[in-house]
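Tertiary structure, described
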Amino acid sequence: MEKKNVLVFFYEEKKYSVLKLKEAVKNSDLQMMNLHTWDTKKSVETKWRDGVYPANFLQFGENRNDMELLIDGLVDGSITSEEIPVLQDVEGLKKRSRTHVQEEAVSETVELQQSKRQKLAAIKRCRNLKEQIILSKVKENILGHSEVKTCSTCSSLNLELTVLKKQTTELAGELQSKTEAVEYYKMKYRDLKKKYKLSKKNKEKVETENPDLVKIGQHLHIDKRRLALCRVTDFSKYTCDLMDVVFGRENLATSVLRGIKGTSKKVLDPNYVSDIQGHVACKFNVNVSLVRVTMRNQLNSASKAVKCEKMQ
């Protein structure tokens, strides 16, 4: 590709110019120039303004307009001579121009988007203002209509409040009474627990202190010698003798197994009665009901014997 034009720097005059290469130098010098290895700092005698001046050839190329643009950059300092390629790159210039156009298009689109956003924000502000105005008007209307009903609603609310206060006081009283009852039963339970522990300790002491006693059931303790005197030939005889040993004949005459209305007789200790019944039933392998009948007959016979003695 022929390089028709050249970008020249006249360093003595400190001026730039674009000249035709054939007119700037002699033909002999032109033939000897190797543009690919050209040194831009080399001084060349150049024809310019009806004279010959020493100058530096900065760039060779065809596009005169691009060279003039380079001169503008060199003058305002946005570009230096070292940054200028010796051979003009047309494709690179085209690419740079394209990128410049693209950048301008992008900046325009950004500006358009910003303007659209600003418009949308303004529209939203207007809508918010309208909504606030509408809400304020609605509130004014509601307050205006509700002024008539305030007295009746307040009175009804006051009545409900008094009723609720009364109910709360009643519930508080009930709660207080129930808590007191709970505390009372707790105290009673503690007392019973203490009594039970004491009775248990006493029984253990009796068992340890009196080795001659025999335990029958859970509550009854009988002397071994007296238990040995009970007849063991029949469960009924054994039951009668055992009752005499435990309760005594006089006590049997004035007692019953269970409490009956209209009688002044006392009830035998139910714990002792249950121990005797269980012991006899287990010893003779009989039913507890038979032992109970025998005990009842023994009580009747004891009361009859006492009556006969009194009549004599």
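Provided above is the structure to which this section pertains.
Everything numeric here is computed off the predicted structure, so don't read it as measured data. (Residues numbered from 1 in each chain as written. Predicted model: local features only at pLDDT ≥ 70, side-chain atom pairs only at ≥ 80, totals over all residues. Heavy atoms only, no water.)

**Focus on the side chain of Gln59**
- Mapped onto the elements, Gln59 comes out in strand S4 (residues 52-61).
- In terms of polar contacts, Gln59 uses its side chain to reach the backbone carbonyl oxygen of Pro85, at 3.0 Å.
- Filtering out sequence-adjacent residues up to four positions away, Gln59 remains in contact with Asn5, Val6, Leu7, Met67, Leu70, Ile84, Pro85, Val86, Leu87 and Gln88. (Helix = DSSP H or I, 4+ residues; strand = E, 2+ residues; numbered from the N terminus. Polar contact = N/O pair within 3.5 Å; in protein donor to acceptor, adjacent residues only side chain to side chain. Contact = heavy atoms within 4.5 Å.)

**As for the packing of helix H9 (residues 270-284) against helix H10 (residues 288-311)**
- Two numbers describe how H9 lies on H10: the axes approach to 9 Å, and their chain directions differ by 125°. Relative to H10, the element H9 lies oblique. Between H9 and H10 lies a crossing whose hand is right-handed. Packed against H9, whose contacting residues are Val273, Ile276, Gln277, Val280 and Ala281, the element H10 presents Val288, Val291, Arg292 and Met295 at the interface.
- A class-by-class count of the residues in the contact of H9 with H10 yields 7 nonpolar, 1 polar and 1 charged. (Axes fitted to C-alpha atoms, helices over the stretch in contact; angles between N-to-C directions. Parallel < 35°, antiparallel > 145°, perpendicular 65-115°, else oblique. Left-handed = near helix turned anticlockwise from the far one by under 90°. Nonpolar A, V, L, I, M, F, W, Y, C, P; charged D, E, K, R; others polar.)

**Here's the deal with helix H7 (residues 235-247)**
- Compared with the 18 Å implied by 1.5 Å per residue over 13 residues, the 18 Å span of H7 between its first and last C-alpha is a close match.
- With 10 of 13 residues buried, H7 is to be regarded as a mostly interior element.
- Those residues of H7 that sit buried are Phe235, Tyr238, Thr239, Cys240, Asp241, Leu242, Met243, Asp244, Val245 and Phe247.
- The elements touched by buried residues of H7 are strand S5 (213-216), strand S6 (220-223), helix H6 (224-228), helix H8 (249-253), H9 and H10.
- Within two residues after H7, Gly248 carries a phi angle of roughly 90°, on the positive side. (Expected span 1.5 Å × (residues − 1). Buried < 20%, exposed > 50% of the residue type's maximum accessible area, 1.4 Å probe, protein only.)

**What to know about the packing of aromatic side chains**
- Enumeration according to the criterion identifies 10 aromatic pairs in this entry.
- Cluster of aromatic residues (ring-pair linked, three or more members): Phe10, Trp48 and Tyr53. (Phe/Tyr/Trp six-rings, centres within 6.5 Å; stacked < 30°, edge-to-face > 60°.)

**Topic: the packing of H7 against H10**
- The interhelical angle for the contact between H7 and H10, taken along N-to-C directions, is 55°, at an axis separation of 9 Å. In this view, H7 runs oblique relative to H10, as classed from their interaxial angle. When you trace H7 past H10, the crossing you get is right-handed. Contacts between H7 and H10 involve Phe235, Ser236, Thr239, Cys240, Met243 and Asp244 on the former and, on the latter, Leu290, Val291, Thr294, Met295, Gln298 and Leu299.
- Split into classes, the residues belonging to the contact of H7 with H10 amount to 7 nonpolar, 4 polar and 1 charged.

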